[in-house]
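So you can see what is in the structure, the chains are spelled out below.
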Amino acid sequence: LAKPLGKGGLRGRPFCVTIPEVSLTRGAQAPLTTKDTTMAINAPEGTRDLLPDEALFWNQFKQTAAEVFGAYGYLPIETPIMEQTELFVRGIGEATDVVSKEMFTAISGENLRRWVEEGKAPKAKSRLSLRPEGTAGVVRAVVQHDLVPQGAAPAKLMYAGPMFRAERPQKGRQRQFNQVGVECLGAEEPTIDAEAIIMLMRFYEAIGLDTSKLTLLINSMGCETCRPAYRDAVAQFLIDHEADLCEECRTRAHTNPLRAFDCKQEACVQVMKDAPLITDALCEECKTHYAQVKAYLDDAGISYVDDPTLVRGLDYYTRTVFEVQVKEGMGAQNAIGGGGRYDKLMEEIGGQPMPGFGFALGFERCILALEAQGFTFPESRTIECFVACVDASVKPQAFMLLQHLRDAGIASDMDHLGKSLKAQFKSAGKQQASYVLVVGPDELAQNALTCRDMDAHEETTLDLAKFTEALQNAALTEEPTTLGDIITSLP
Ligand code: AMP
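Because the structure is predicted, anything quoted here is derived from the model rather than measured.

## Examining the environment of Glu443
Inspection of the secondary structure puts Glu443 in helix H15 (residues 441-445). Here the alpha-carbon distance between Glu443 and Asp463, two residues 20 residues apart in the chain, equals 9.6 Å.

As structure tokens, then:
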């Protein structure tokens, strides 16, 4: 339940409260929800479950990111999913869509009760928001823990996890989505911008995307020296063309003029074709910085499109900004990653002046991009070995064998439903086991075990004592091993 409190929440800022399912009426008698047990409860609108295939792919995706970004010196950081609302207001910017319309703000139970029952608004530090993006939290952590003391090498940090934005859900646009991102704090050199962009393109290759089907757009948004005059020029341009603009862009003229470049309304698109371009307004330092970034990309063989109308949705960007779009098959939500430089953000949130650069990429959109390129999820082989029982009398021995297999690092399972042997073989097939080990009273009497190789359709008899010993030895070694290796090593 989202209860908009209108003005007054955050000193006049638009503000939403997420109300937990507790009774909150004055006097606290009537619960806000009725218990209708016939109503199906689904995942909230704009969120989706990552079922095992996708969840496995998400783990692999994060692992690939850690490997690719690790080769560029990036280390992992985990910051809270909730931060003080003020961090996003100050860092991302009050006039941005993300902050003004899309944040999920939460008040904890007792504070909410006091607010509703006693009219006591929570203190700033109790106003929390689910993170709509990762940069503000990471920069906050860098300031709080002084991760880049004077003279230190830049902090190169990477994160992965869910972000929350109350956008209108559609294909490729969710309210909870997963991002992988990096932030580099403490370096202004264009090599940082270029290497991060190169690294992102390498990552796309590593997850299997054909990068020739992607477009890398880049631009420079200038700095505090040249941007204000440019911003004013665009604001004036919007005011001069007010009559032809949508209502939102008319407001943007006074709040966030550069965002008018992102407006999808046809009339605004036409007007913005003649708007002043940042390229003509950059100061000498910004021009040089931008030219160097592009030269490094050229040297690395990365193709890009210079797009002077690329303005990103968050206020904190300075100088380089970029976005990666999928050329075909994704509809309107075709951006699979983007970021840029934010040399003023650190100061905005109360730290020492310190340059920064970062990007984030969307996991769900990468899946859509992969699917548009013909990708299907690899079938996940969940276990290597299935232990089957001929009858219930051998279950304790089979259960013991299962523990030896698992201790040796062999992913294994058995039947937990009392199924027939035939049905157990079916289960083994469903779980894509490579081997089925059959435990039966006759075999046990001879200290033996039947092993069926499911891929080769062959059966062998194993000596149970020797096999168990080999599993115990395998459990003691650090080396990863397979059941096939253990079986072939048996005397
Ligand atoms: P941003 O933080 O807006 O720069 O977004 C970075 C990337 O996150 C985008 O390029 C998308 O791939 C992804 N993304 C942003 N918003 C959403 C959303 N609402 N749903 C799914 N993915 C998103």
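## Notes on the site of the ligand
Of all residues adjacent to the ligand, which total 14 residues, the nearest are Arg165, Glu167, Gln174, Gln179 and Arg312. In the environment of the ligand, an oxygen atom lies 2.8 Å from a nitrogen or oxygen atom belonging to the side chain of Arg165. The backbone of Gly337 places a nitrogen or oxygen atom 3.0 Å from an oxygen atom of the ligand. Out of a free accessible area of 490 Å², the ligand has 92% covered by protein chains. Among the elements of the structure, strand E8 (176-185), strand E12 (335-341) and strand E13 (356-362) are those that each provide at least two residues to the shell around the ligand. Considering each element in turn, the shell around the ligand owes the most residues, three residues, to E12. Class assignment for the residues of the shell around the ligand results in four nonpolar, five polar and five charged.

## Quick word on the packing of aromatic side chains
In total, this model carries 14 aromatic pairs according to the counting rule given. Taking the centre distance of 4.9 Å and the plane angle of 75° together, the rings of Phe61 and Phe363 count as edge-to-face. Residue Phe61 is located in helix H1 (residues 52-70), and its partner Phe363 is located in helix H12 (residues 363-372); the two are separated by 302 residues in the primary sequence. The rings of Phe57, Trp58, Phe61, Phe69, Phe203, Tyr204, Phe322, Phe357, Phe359, Phe363 and Phe375 are connected pair by pair, giving a single aromatic cluster.

## Observations regarding empty space enclosed by the protein
Empty pockets left among the atoms are what a rolling probe the size of a water molecule brings to light. Enumeration according to the criterion identifies one cavity of 30 Å³ or more in this entry. For the largest cavity, the full set of lining residues is Asn219, Met221, Arg227, Tyr230, Leu258, Phe261, Ile278, Pro308 and Val311.

## A short note on helix H14 (residues 421-430)
For H14, every residue scored as buried is listed here: Gln424, Ser427 and Ala428. Buried residues of H14 fall within an arc of 100° about the axis and therefore sit on the same side. Summarising the geometry of H14, the exposed residues directed more than 90 degrees from the buried face are Lys422, Lys426 and Lys430. Buried residues belonging to H14 abut strand E14 (385-389) and strand E16 (435-439). Following H14 by one or two positions, Gln432 adopts a phi angle in the positive range, close to 55°.

## Observations concerning the packing of helix H13 (residues 395-407) against helix H16 (residues 464-476)
At a closest axis distance of 8 Å, the pairing of H13 and H16 adopts a crossing angle of 35°. In this structure, H13 meets H16 at a crossing whose hand is left-handed. Contacts between H13 and H16 pair Leu401, His404, Leu405 and Asp407 from the former with Leu464, Phe467, Thr468, Leu471, Gln472 and Ala475 from the latter.

## So, the environment of Leu370
Residue position: Leu370 is located in helix H12. Taking the C-alpha atoms as reference, Leu370 lies 6.1 Å from Leu209; in sequence the two are 161 residues apart. Apart from residues no more than four positions distant in its own chain, Leu370 is found in contact with Phe57, Ile207, Gly208, Leu209 and Phe375.

## Quick look at a positive patch on the surface
A cluster of basic side chains, namely Lys419, Lys422, Lys426 and Lys430, defines a positive patch on the protein surface. Tracing the chain through its elements places Lys422 in helix H14. For Lys422, a relative accessible area of 72% translates into the label exposed.

## Observations regarding the confidence of the model for the protein
Across the protein, the average pLDDT comes to 90, with 92% of residues at 70 or higher. This model gives residues 1-31 a pLDDT under 50, and the stretch forms 64 contacts once residues within four places in sequence are excluded.

## Overview of the side chain of Thr318
Tracing the chain through its elements places Thr318 in strand E11 (residues 318-326). A residue is classified by how much of its surface remains accessible, and Thr318, at 6% relative accessible area, is buried. For Thr318, the side chain forms a polar contact with the main-chain nitrogen of Asp343, separated by 2.9 Å. Once residues within four sequence positions are removed from consideration, Thr318 is found in contact with Gly222, Arg227, Arg341, Tyr342, Asp343 and Lys344.

Criteria and thresholds
- Per chain, residue numbering runs from 1 following the sequence as it is written.
- Where totals are concerned, whole chains, interfaces and linings use all residues; where local detail is concerned, this predicted model gives features only for residues with pLDDT of at least 70, and gives and counts side-chain atom pairs only at 80 or more.
- Hydrogen atoms and water are omitted, and side-chain values are computed over all heavy atoms in the structure.
- Secondary structure is summarised from DSSP: a helix means a run of H or I of at least four residues, a strand means a run of E of at least two, and numbering begins at the N terminus for each.
- We call a residue near a molecule or strand as soon as one heavy atom of that residue lies within 4 Å of the molecule or strand.
- Polar contact is the term for a pair of N or O atoms within 3.5 Å; when the atoms are in protein, one must be able to donate a hydrogen and the other to accept it, and sequence-neighboring residues count only if both atoms are side-chain atoms.
- Accessible surface is estimated by sampling points in the Shrake-Rupley manner with a 1.4 Å probe; for residues, cover comes only from the protein chains shown.
- Nonpolar residues are Ala, Val, Leu, Ile, Met, Phe, Trp, Tyr, Cys and Pro. Charged residues are Asp, Glu, Lys and Arg, and all others, Gly as well, are polar.
- Stacked, tilted and edge-to-face are the three classes assigned to paired rings of Phe, Tyr and Trp, where Trp is represented by its six-membered ring and a pair needs centres within 6.5 Å; plane angles under 30 degrees give stacked, over 60 edge-to-face, the rest tilted.
- Throughout, the protein atoms alone are placed on a 1 Å grid, and a set of points is a cavity if a 1.4 Å probe fits but cannot get out or a pocket if it is open with protein on both sides within 12 Å along at least five of seven lines; lining residues have an atom within 4 Å of a point.
- Grid points are joined across faces, edges and corners, and a volume is the space filled by probe spheres set on the points.
- Each residue gets one of three labels from its accessible area relative to the maximum for its type: buried under 20%, exposed over 50%, partly exposed in between, using a 1.4 Å probe on protein chains only.
- An arc is given here, and it is the one of the directions from the helix axis to the C-beta atoms.
- Residue contacts are defined here by distance: any two heavy atoms, one from each residue, within 4.5 Å place the two residues in contact.
- Note on method: axes are straight lines fitted to C-alpha atoms, helices fitted across the in-contact stretch only, with angles between N-to-C directions ranging 0 to 180 degrees.
- If you view the pair so one helix is near and one far, a crossing is left-handed when the near helix is turned anticlockwise from the far one by less than a right angle, and right-handed when it is turned clockwise.
- Only residues whose relative accessible area exceeds 30% and that form no salt bridge are eligible for patches; like-charged ones are grouped when within 9 Å, while nonpolar side chains (Val, Leu, Ile, Met, Phe, Trp, Tyr) are grouped when within 5 Å.
- A side-chain nitrogen of Lys or Arg and a carboxyl oxygen of Asp or Glu constitute a salt bridge if their distance falls within 4 Å.
- Positive charges come from Lys and Arg, negative ones from Asp and Glu, while His and the chain ends are left out of the count.
- The atom standing in for a charge is NZ when the residue is Lys, CZ when it is Arg, CG when it is Asp and CD when it is Glu.
- Along the chain, pLDDT gives the predictor's confidence residue by residue, from 0 to 100.

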